[in-house]
Amino acid sequence: MLAIAGLVTASSCTKDPMNNLSAEESRIYITNKDNNVNFGNYKTYSIADSVAVIDNNRFAGEQATAVDQQIIAAVKSAMESRGFVRVARSQSPDLGINVSRLYNTSTSVVDLNDYWSGYGGYYDPYYWGYSGYGYGYPSSYALVQSTEAMLSVDLLDLKNASANNSIRVVWNGVARGSGVFTSDAATTGVQALFNQSPYLNTVR
Amino acid sequence: MKNMKQRNLILFFVAFLFAVVAQAQPKGGTQLTLQYKAALPTGTFKNTVSDNSFRGLQASVLYGVTKNLAVGFGTGFQDFYQKYPRQLYTLSDGGDLSAVRSFSIQSIPLLAQVKWNGAPDAGIQPYVALGVGGNLVSYNDYAGEFSLEQKTKLGFAARPEAGLFIPFHKGGETGFTAGASYNLMPFSSTAVSNLNHIGIQAGLSFPLRK
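Residues numbered from 1 in each chain as written. Chains lettered and ligands numbered in written order. Predicted model: local features only at pLDDT ≥ 70, side-chain atom pairs only at ≥ 80, totals over all residues.

### Quick notes on the overall build of chain B
Step number 1: The secondary structure content of chain B amounts to two helices and eight strands.
Step number 2: Its helices and strands in sequence order give chain B the pattern α-β-α-β-β-β-β-β-β-β, from N to C terminus.
Step number 3: For chain B, buried positions account for 39% of its 210 residues.
Step number 4: Considering only contacts in chain B between residues 6 or more positions apart, those separated by 24 or more positions represent 59%. (Helix = DSSP H or I, 4+ residues; strand = E, 2+ residues; numbered from the N terminus. Buried ≥ 20, exposed ≤ 12 C-beta atoms within 10 Å, placed from the backbone. Contact = placed C-beta atoms within 7 Å.)

Below, the structure written as C-alpha cells:
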C-alpha cells in the first residue's frame, strides 16, 4: 500500500509539458511547397483583401477584421521583401494568395489534406478567373490536435493554371497554437512562415 | 525474437526465484524499501533526453530467504522531461516544421527481484541486487502544444544494483539505504531506442512483519 501511495505521489510530480510552454512556444509553423516549382519563374502576385473563415470544415464567409488586415499586410510585406510585385487581380498576376482562418473544435486526428480537399474551393476559383477549375494541393501531413484556430496562407499558381487545368497550390504555410490570431502573434506568425521558406524568392 | 528472449529471461528469472524460496528455510522477515531516485540518462537515450531527472522513486518488498538472500518484487517511477528551443524540422513529406519540441516520458518498472546482502550482521551492509521484468512506459513527443507521437507500452526492464544498508542500531532491520543502479530499458519510438539510465537512490528500509 505504501508503495502504491508512493507511486501515486510520484506520478503527481510529473513535469507537465503543456504547463511548461509559453504561448509563443506552443505555436508551430508548418510550410509545404511544390518541389517541381521554381519560384524565380513568378514575378507578380495578387492578394484578396479579406480572409476566408472556415469553421468546423465549413466556409463561414469572408472577413476583414483589424487582425485580418494586419495578416494581409504582413503577407504583402513579406512578398515584396522577396521581390514579388503586387498587381491588381485584373492584371494577370503570376501568383494568387488566399489567407484563411480555420477553426476546428474537433479533438480527433486531423489530416490537413482532409480540410484542403474538403473545402478546397473556399475561395471560388472564379475569383481568380478560373471558373470550373479545382484546386490542386501538395501532399499532406497529420497532427493530433485539440480545439484550436489555425492561420493558413496559400500561394496559387495562376500563371500556369490554364496549362495545368487546375489552380495549383505551390506553397502553403500554416500557423497553429495558442493565441495565433492575437495581434502580435498574427504578424510574427506570417513572418515565421516566410522566414522558414527562403526559396520563396523571385529573380529580378 | 528479441521480445521472446526477454520474455523467456523474465520467466526463467521468476521460476528461479520461486525455486530459491521453495528450497530455502526462511531466515528473515519481509522488508520494505522506499527510496528517492535521481536518474541520469545514458547512451543513445541521452542524445534525445540529456536532462537528468530528479523526479523518481524506487521501492521493493523482499522476503528474506536466508540471512544473505532476499527475493521479491521491485518497482519504481521516473519522470523524464526535455524541452528544446525552437528549431526547424524537416517533415517526412518534405515540408518544414518550426516548433519547440518537448519530450515527456514516464517509466514504471515492475520487476522480480533478488538481493544479496554481503554482511548481514555488520554495521554497514553492502548489497547487490538484480531485478528483471516489465516496464510500463508512457511516452510523449510534442511539437509546441501538439502531439507528434504518443505511446503507452509495456516493455522489458532489467535493473542491476549495488548499495549499502546502514541499520539505525546494530543488528536492526530498520535503517538507511542508498545505492546506484543501471536501468536497462529497451523502447522504440521515432526519437529514442531505449530509456537506459543510471539511477542513484537513497531512502529507508524497514520490516513489514517478522
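### A word on the overall build of chain A
Step number 1: In terms of regular secondary structure, chain A is built from six helices and 11 strands.
Step number 2: Going through the 204 residues of chain A one by one, you find that 37% of them count as buried.

### What to know about the packing of helix α3 (residues 66-81) of chain A against helix α6 (residues 183-195) of chain A
Residue and element names in this part refer to chain A.
Step number 1: The N-to-C vectors of α3 and α6 enclose an angle of 25°; their axes lie 9 Å apart at closest approach. Classified by the interaxial angle, the pair formed by α3 and α6 is roughly parallel. Here α3 runs over α6; the crossing is right-handed. Taking contact as the criterion, the partners of V67, Q70, I71, A74, V75 and A78 in α3 are, on α6, S183, A186, T187, V190, Q191 and F194. (Axes fitted to C-alpha atoms, helices over the stretch in contact; angles between N-to-C directions. Parallel < 35°, antiparallel > 145°, perpendicular 65-115°, else oblique. Left-handed = near helix turned anticlockwise from the far one by under 90°.)

### Some points on the pairing of strand β10 (residues 148-157) of chain A
Residue and element names in this part refer to chain A.
Step number 1: With eight of 10 residues buried, β10 is to be regarded as a mostly interior element.
Step number 2: Pairing analysis gives 10 bridges linking strand β6 (residues 95-104) to β10, with the strands arranged antiparallel. Across the sheet, V99 pairs through a bridge with V153, a residue of β10.
Step number 3: Across eight bridges, β10 lies against strand β11 (residues 167-176) in antiparallel orientation. Of the residues in β11, the one forming a bridge with M150 is R176. (Pairing = 2+ DSSP bridges.)

### Describing the nonpolar core
Step number 1: Core analysis: the biggest nonpolar cluster contains 48 residues, and I71(A), V75(A), L95(A), I97(A), L151(A), A175(A) and V190(A) have the highest contact counts within it.
Step number 2: Setting aside its immediate chain neighbours within four residues, V190(A) contacts I71(A), A74(A), V75(A), A78(A) and V153(A).
Step number 3: In this structure, V132(B), V137(B), V192(B) and L195(B) belong to the second largest nonpolar core, which totals 17 residues. (Core = buried A, V, L, I, M, F, W, Y, C linked by C-beta atoms within 7 Å.)

### Some details on the interface of chain B and chain A
Step number 1: Listed per partner, the contact involves 33 residues of chain B and 32 residues of chain A.
Step number 2: When contributions to the side of chain B that touches chain A are tallied by element, the ones reaching two or more residues are β1 (30-41), β2 (56-64), β3 (69-90), β4 (96-117), β5 (125-143) and β6 (146-167) of chain B.
Step number 3: By residue number, the principal contributor to the side of chain B that touches chain A is β4(B), which donates nine residues.
Step number 4: Residue classes in the side of chain B that touches chain A are distributed as 16 nonpolar, 11 polar and six charged.
Step number 5: Relative to β4(B), strand β1 (residues 28-33) of chain A runs antiparallel, the two sharing three bridges. Bridge pairing in β4(B) links T31(A) to D96(B). (Nonpolar A, V, L, I, M, F, W, Y, C, P; charged D, E, K, R; others polar.)

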